[in-house]
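The residues making up each chain are set out below.
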Amino acid sequence: MTSLHGFGLGIVSENAQGAVLDTFYPQPVAHVSDALSSVLPGVSGRLDAAELSQLSKALEAAGDSAGAGLARQLVAAEGKVVATSLADNAPPSSVEEAYLKLHLISHRRVKPHETDLTGLFGLLPNVAWTDQGPVDLEELPQRQLDARLKGSVLEVSSVDKFPKMTNYVVPAGVRIAHTARVRLGAYLGEGTTVMHEGFINFNAGTAGPGMIEGRISAGVWVGEGSDLGGGCSTMGTLSGGGDIVISVGKECLIGANAGLGIPLGDRCTIEAGLFVTAGTKVNVLDDGGNTIETVSARTLAGRPDLLFRRHSSTGAVQCLTNKSAIELNEMLHANN
Ligand SMILES: CC(C)(COP(=O)(O)OP(=O)(O)OC[C@H]1O[C@@H](n2cnc3c(N)ncnc32)[C@H](O)[C@@H]1OP(=O)(O)O)[C@@H](O)C(=O)NCCC(=O)NCCS
């Protein structure tokens, strides 16, 4: 018996034609054990009340009382309950599978990049996210009229392929000042605070703890103890960003309105307002403030203990060592 990449029991929302708009998985599981896998063959697709009761008993017998309890509760949602299995880490092939993968990341069951999301955009429907759940855009005008006829207003909070994460899961130990700024599929490590200007896309996130007042683009990973200053930007790989995966090391500070286009090592700082792209020419300074070489920023990718700033008189981008910089100091001394 081979173990599964993921499994979830979920509740679907559908449009009038029965097309799935989203799926909510309260307890998604990654890397399902052999014991649990053994009760799952044949359990897939829509489950009716009898199948759910049977599954609940089988899960209980396999020692998974949380799963058994969920299966019992889902009987109340009969007709909308789906069992989704991911046999291996293949690209998603349905809306239900796509949502399961996004849940696995936001529930911290897998890290960004650990589950294959190829083709995700094409699968997810663009829907109106309302206070009555997801609504098909073609059905929206009638639903808005229906609400008005009852003297109320249908609140449309966004029109997007991705919903906000917090309507599906709030992982333990986080603060999120403005919940619409974090998409389902974001990974927020324990101790992460996302302030109002912060944003975290899907398949991206933080190891935690950390303070996020800037934007974490799709695919970007931020290490433990790092601080993204107000309005700063990290380059994603989705549009025009090339194929370098951007990351921020541990205990870094990206200054307010700064930007990052290289993988940054541990304990690095980027001055407020400075955008460091891969091709930015950087003067590397020694301890005496002399330029010892000029390199493209990409060659400094991953190096720890760097301070990047734009000289306020000359405009040249400079790279200095922090006091604790050991690795770069060694590199500089080797160049002396
Ligand atoms: C780059 C930065 C880290 C430098 O801060 P710092 O290490 O405290 O440096 P200081 O301002 O004390 O300056 C130290 C020296 O470097 C010089 N210096 C600093 N930035 C410089 C620049 N851009 N160009 C030329 N010289 C500069 C200072 O003039 C000073 O020189 P001096 O010793 O001859 O007087 C800081 O300016 C910065 O941008 N921090 C980001 C803060 C932020 O945005 N936080 C997020 C909030 S939401």
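Look up a bit, the structure's there.
Residues numbered from 1 in each chain as written. Predicted model: local features only at pLDDT ≥ 70, side-chain atom pairs only at ≥ 80, totals over all residues. Heavy atoms only, no water.

K.L.:
How do you make sense of the sheet that holds strand β10 (residues 186–188) when you look at a structure like this?
P.N.:
Two modes of strand pairing occur in sheets, parallel and antiparallel, and in both the strands are linked by backbone hydrogen bonds. Spatially, β10-β13-β16-β19 is the arrangement adopted by the 4 strands of the open sheet, whose pairing is parallel. One side of each edge strand has no neighbouring strand; the edge strands of this open sheet are β10 and β19 (247–248). (Pairing = 2+ DSSP bridges. Helix = DSSP H or I, 4+ residues; strand = E, 2+ residues; numbered from the N terminus.)

K.L.:
Explain the site of the ligand here, please?
P.N.:
If you check the shell around the ligand, you find 14 residues, and the closest are A256, E271, A272, R310 and S312. A distance of 2.8 Å separates an oxygen atom of the ligand from a polar backbone atom of A272. Contact with the protein chains removes 44% of the 960 Å² of surface that the ligand exposes when unbound. In terms of residue class, the shell around the ligand is made up of 4 nonpolar, 6 polar and 4 charged. (Near = heavy atom within 4 Å. Polar contact = N/O pair within 3.5 Å; in protein donor to acceptor, adjacent residues only side chain to side chain. Areas by Shrake-Rupley, 256 points an atom, 1.4 Å probe, with all protein chains shown as cover. Nonpolar A, V, L, I, M, F, W, Y, C, P; charged D, E, K, R; others polar.)

K.L.:
What exactly am I supposed to notice about the pairing of strand β2 (residues 20–24) here?
P.N.:
A large share of β2 lies buried, amounting to 4 of its 5 residues. In terms of strand pairing, strand β1 (residues 4–14) meets β2 through 4 bridges, oriented antiparallel. From the neighbouring strand, V12 faces β2, where its bridge partner is T23. Here β1 folds back onto β2, and the loop between the two strands holds 5 residues, one of which, G18, carries a positive phi near 90°. (Buried < 20%, exposed > 50% of the residue type's maximum accessible area, 1.4 Å probe, protein only.)

K.L.:
Help me understand the sheet that holds strand β22 (residues 269–270) in this model?
P.N.:
If you walk across this open sheet you meet the 10 strands as β9-β11-β14-β17-β20-β22-β26-β27-β24-β25, and the pairing is mixed. In the strand order of this sheet, the two ends are held by β9 (175–176) and β25 (291–296), each with one partner. Inspection of the sheet shows β22 paired to strand β26 (residues 306–310) by 2 bridges, in the parallel sense. Across the sheet, the residue bridging to T269 is L307, located in β26.

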